[in-house]
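Summary of structural features
Here's the letter readout for the chains.
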Amino acid sequence: MSGEEGLLVRKIREGTVIDHISAGRGLQVARLLGLENSGYRMAIVSNVESKKLGKKDIVKVEGLFLTSEQINLVSLVAPNATLNIIKEGNVVLKQKVRPPEIVEKILPCPNSSCITRKKGEHVVPRMILVSTVPLLYKCAYCGTYVGEAEIARLL
Ligand SMILES: [Zn+2]
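Residues numbered from 1 in each chain as written. Predicted model: local features only at pLDDT ≥ 70, side-chain atom pairs only at ≥ 80, totals over all residues. Heavy atoms only, no water.

**Quick notes on the sheet that holds strand β3 (residues 54-62)**
Spelled out, the test is: Only when DSSP finds a minimum of two bridges between them are two strands counted as paired. Elements are defined by DSSP. Helices are runs of H or I of four residues or more, strands are runs of E of two residues or more, and each kind is numbered from the N terminus. Orientation is described by lines fitted to C-alpha atoms, with helices fitted over the stretch in contact, and by angles between N-to-C directions that extend from 0 to 180 degrees.
One open sheet holds the five strands; their spatial order is β2-β3-β1-β4-β5, and the pairing between them is antiparallel. Because the sheet does not close on itself, it has two edges, and the strands there are β2 (42-50) and β5 (90-96). Across the sheet, the axes of successive neighbouring strands diverge by a mean angle of 20 degrees, strand direction being ignored. Inspection of the sheet shows strand β4 (residues 82-87) paired to β5 by six bridges, in the antiparallel sense. Its bridge partner lying in β5, L83 is registered against Q95.

What follows is the structure, given as structure tokens:
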């Protein structure tokens, strides 16, 4: 068995498998979840063949169950992701992520003249969901649109 096959079939006992991540975004998902150097045992499997996405990434984390804030973060860079919650070696819950209607604080507006970018104004960035497929948000203040690729760059 090759190393990659080993990673694919090795089961985790308790934790979360984040499936259907757009190819190339697995590392970013792990980073956004704060998993780098976290001590969690995890595996990032890249460029797996997928019927739905062509290629996909998978992130498996032993012992981690995501908070709703973490799920929202995942949904912004991997809007097709499915969370598989594993307990005692079995999938007990499958859940598709849903990009939130309103994203506050975490996603900066790319428009440099937006009020949220002005020092001294202390206006918290707020993005409003326009469309899920393709993923599109709009700044609540200046109306600048932000699509999936740019969101991934901004986070
Ligand atoms: Zn703006």
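**Regarding the coordination of the zinc ion**
Defined as follows: Coordinating donors are taken as N, O and S atoms within 2.8 Å of the metal, stretched to 3.2 Å for Na, K and Ca; because water is absent from the atoms, sites can appear incomplete. Geometry assignment treats four donors as tetrahedral when all angles are between 85 and 135 degrees, treats four as square planar and six as octahedral when opposite donors are over 155 degrees apart and all others between 65 and 115, and treats everything else as irregular. Buried residues are those whose accessible area, probed at 1.4 Å on protein chains only, stays under 20% of the maximum for their type, while exposed residues exceed 50% and partly exposed ones sit between those limits.
Note on the zinc ion: its protein donors are C109 (SG), C114 (SG), C139 (SG) and C142 (SG). The metal-donor distances range over 2.3 Å. Its four donor atoms give the zinc ion angles of 101 to 112 degrees at the centre, a pattern that matches the tetrahedral case. The sequence motif formed by the donor residues of the zinc ion is C-x4-C-x24-C-x2-C. Placement of C114 in the loop between β6 (102-104) and β7 (126-131) and of C142 in the loop between β8 (136-139) and β9 (145-147) is noted, with a sequence separation of 28 residues between them. Under the relative-accessibility criterion, C114 is labelled buried at 1%.

In short, geometric facts, not functional conclusions.
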